[in-house]
Amino acid sequence: MVVDNGFRKIGVFYDGNFLLHASNYYNYSHFVKRRISLNGLHEFICRKVAEVENVDRNRCEIVEAHYFRGRLNAADALQRGNQLYNDRVFDDILMSEGINSHYLPLRNLQGRREERGVDVWLSLEAFEISLRRSLDVIVLILSDTDYIPLLRKLKALGIRVMLLGWEFDYISDDGNRMVTRTSHDLIQLATYPVAMHKVIETGLASGDILINNLFVAGESLKMEDADIDQYDDIISYIDSDKEVSEILSIKNGFGFVKYPNNNLFFHNQDVIGNFNDLEAGDKVEFTIGKNDQGQDVAKNVRKISE
């Protein structure tokens, strides 16, 4: 007979691409204008597991945390403004929270860079670690149907699965509006499905401290808070002529620069500095690059002080 000692060992597994879209949504499109805090998310997970498992919060501990994502190689990242710096900063955040990172190179398929194999790798690691560490609850931050076999296998082992799902719109790197929905089949399979978009809206409206702490404190990281010397070393490698123009318009997560004959699109990740500081009419310098479809876009967009 197995005696319940009240202790819950938790494993957390992130589909990094899904987490990035969720974080971008709250930082650029949502009124909260802040990114998701991994520290705050882990505390939320522990408290939520304690609630649904009817145990004390102090008896719940995240003993495994893993982050999976496809990533640009160094040469490609160098051509995308502050991408190298942002990648390093995020790796530091993962390490500080005890999250193991797993990266696969993005593959170029018919002119588009796409992830391949991340879902398989995450599923295999989650299944193996669940067996090896005898985890009680697996928490999954992911959305698509590729993970259905994983949930079925975990449930067959008797492991409870908490699924953190979101529904939101976001702007892709190509300027297209994308709609993200967590698979209904995943929600049906999960032991504890949690609709995070609803939980967050309700919590923010009521002033719930736990929900407020799901987001990083204060504003998004600005370049003046970073190691400027290190960042300038990266920028110095970009061998492109700079153009000067002004911002035509700013949207949620992207914008356009005035440039003949067609205005140039730019994504928030191609801004040097804080995207939220840009406004229509601001004078900027930039370089011209190509997106995955071979179209001209603005890169390394930097606001010029008057």
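Structure's up top.
About the criteria used
Per-chain numbering applies: the sequence of each chain, read as written, is numbered from 1 onward. Two thresholds apply to this predicted model, a pLDDT of at least 70 for residue-level local features and 80 or more for giving and counting side-chain atom pairs, whereas whole-chain, interface and lining totals are computed over all residues. Side-chain measures were taken over the full set of non-hydrogen atoms in the model, leaving aside hydrogen atoms and water. Only runs of H or I of at least four residues qualify as helices and only runs of E of at least two qualify as strands under DSSP, and these elements are numbered from the N terminus. Think of it in three bands: residues with accessible area under 20% of the maximum for their type are buried, residues over 50% are exposed, and the middle band is partly exposed, with areas taken using a 1.4 Å probe on protein chains only. Two residues form a contact once any of their heavy atoms are found within 4.5 Å. Using a 1.4 Å probe, the Shrake-Rupley method yields the accessible areas, and only the shown protein chains count as cover for residues. Expected helix span is computed as 1.5 Å times (number of residues minus one). N or O atoms closer than or at 3.5 Å make up a polar contact, with two conditions inside protein: a donor-capable atom paired with an acceptor-capable one, and, for residues adjacent in sequence, both atoms drawn from side chains. The convention used is that axes are lines fitted to C-alpha atoms, helices contributing only their stretch in contact, and that angles between N-to-C directions extend from 0 to 180 degrees. In this scheme, roughly parallel covers angles under 35 degrees and roughly antiparallel covers those over 145, while 65 to 115 is roughly perpendicular and the rest are oblique. Any residue outside Ala, Val, Leu, Ile, Met, Phe, Trp, Tyr, Cys, Pro, Asp, Glu, Lys and Arg is labelled polar, Gly included; the first ten of those are nonpolar and the last four are charged. Strands are treated as partners if at least two bridges between them are detected by DSSP. Two aromatic rings from Phe, Tyr or Trp, using only the six-membered ring of Trp, form a pair when their centres are within 6.5 Å; if the ring planes differ by under 30 degrees the pair is stacked, by over 60 it is edge-to-face, and anything between is tilted. Throughout this description, the term nonpolar core refers to a set of buried Ala, Val, Leu, Ile, Met, Phe, Trp, Tyr and Cys residues connected via side-chain atoms within 4.5 Å.

1. Considering the overall build of the protein
Helix and strand counts for the protein come out as ten helices and 16 strands. Counting the 306 residues in the protein, one finds 47% classified as buried. Within the protein, residue pairs in contact and separated by at least 24 positions form 68% of the contacts whose partners lie at least 6 positions apart. When the accessible surface of the protein is split by element, carbon and sulfur atoms take 46% of a total near 15,600 Å².

2. Quick look at helix α1 (residues 16–29)
When the terminal C-alpha atoms of α1 are compared, their 19 Å separation across 14 residues agrees well with the 20 Å that a helix rising 1.5 Å per residue should span. Burial analysis of α1 places twelve of its 14 residues in the buried class, the great majority of the element. Taken residue by residue, α1 has Gly16, Phe18, Leu19, Leu20, His21, Ala22, Ser23, Asn24, Tyr25, Tyr26, Asn27 and Tyr28 as its buried positions. A side-chain oxygen of the first residue of α1 lies 3.2 Å from the backbone nitrogen of asparagine 17; this N-cap is aspartate 15.

3. Here's the deal with the packing of helix α5 (residues 118–133) against helix α6 (residues 148–156)
The interhelical angle for the contact between α5 and α6, taken along N-to-C directions, is 10 degrees, at an axis separation of 10 Å. Classified by the angle between their axes, α5 and α6 sit roughly parallel to one another. Residue-level contacts link Leu122, Ser123, Ala126, Phe127 and Ser130 of α5 to Leu150, Lys153 and Leu154 of α6. Considering only residue class, the contact of α5 with α6 consists of five nonpolar, two polar and one charged.

4. Some words on the sheet that holds strand β1 (residues 8–15)
The parallel open sheet is built from six strands, whose spatial order is β3-β2-β1-β6-β7-β10. Edge positions in the sheet fall to β3 (100–105) and β10 (192–195), since each has one partner strand and no second. Recorded for the sheet is a direction-independent mean angle of 15 degrees between the axes of neighbouring strands. One ladder, built from four bridges, connects strand β7 (residues 160–165) with β10; its direction is parallel. By the bridge assignment, leucine 163 is partnered in β10 with proline 193. Lying on the sheet, helix α2 (residues 38–53) is in contact with β1, β2 (60–71), β6 (137–141), β7 and β10; it crosses β1 at an angle near 135 degrees.

5. Comments concerning the environment of proline 105
In this fold, proline 105 is placed in strand β3. For proline 105, a relative accessible area of 57% corresponds to the exposed category. Distance from proline 105 to arginine 71, taken between C-alpha atoms, is 5.1 Å for residues 34 residues apart in sequence.

6. Let's talk about the pairing of β1
When a strand is regular, its side chains alternate between the sheet's two faces. Of all eight residues in β1, seven are buried, a share of seventy percent or more. Relative to β2, β1 runs parallel, the two being bridged by eight bridges. Residue phenylalanine 13 lies in a different strand from β2, and its bridge partner there is histidine 66. As paired elements, β1 and β6 share five bridges and run parallel to each other. Looking at the pairing, phenylalanine 13 lines up with leucine 140 of β6.

7. Quick look at the packing of aromatic side chains
Taken as a whole, this structure holds 15 aromatic pairs when the rule is applied. When the centroid spacing of 6.3 Å and the interplanar angle of 70 degrees are considered together, the rings of tyrosine 67 and tyrosine 103 count as edge-to-face. Here tyrosine 67, found in strand β2, pairs with tyrosine 103, found in strand β3; they are 36 residues apart in sequence, far enough to count as distant. Ring geometry for tyrosine 259 against phenylalanine 286: centres 6.1 Å apart, planes inclined by 80 degrees, an arrangement best described as edge-to-face. Linking tyrosine 259 in the loop between β12 (254–257) and β13 (264–267) with phenylalanine 286 in strand β15 (residues 283–290), this pair joins segments that are 27 residues apart in sequence. Overall, the relative accessible area of 24% leaves tyrosine 259 in the partly exposed class.

8. Some thoughts on the nonpolar core
Core analysis: the largest hydrophobic core is formed by 38 residues, its most contacted members being Val139, Leu164 and Trp166. Among the secondary structure elements, those contributing two or more residues to this core are β1, α1, α2, β2, β6, β7, β10 and α8 (196–206). Among the elements that take part in this core, α2 stands out by supplying seven residues, more than any other. Once you skip the residues sitting within four places of it in the chain, leucine 164 turns out to touch Phe18, Leu41, Phe44, Ile45, Val139, Leu140, Ile141, Leu142, Val194 and Met196.

9. Here's the deal with the sheet that holds strand β16 (residues 296–303)
The pairing of strands in a sheet comes from backbone hydrogen bonds and takes either a parallel or an antiparallel form. Strand order in the open sheet formed by six strands is β13-β12-β11-β15-β16-β14, with mixed pairing between adjacent strands. Of all strands in the sheet, those with a lone pairing partner are β13 and β14 (271–272), marking the two edges. Both β15 and β16 contribute to a ladder of six bridges, which runs antiparallel. Counted as the bridge partner of isoleucine 288 is alanine 298 from β16.

10. What to know about the environment of aspartate 208
Considering the arrangement of structural elements, one finds aspartate 208 in the loop between α8 and α9 (209–212). Reaching out from aspartate 208, the side chain makes a polar contact with the backbone nitrogen of leucine 210 at a distance of 2.9 Å.

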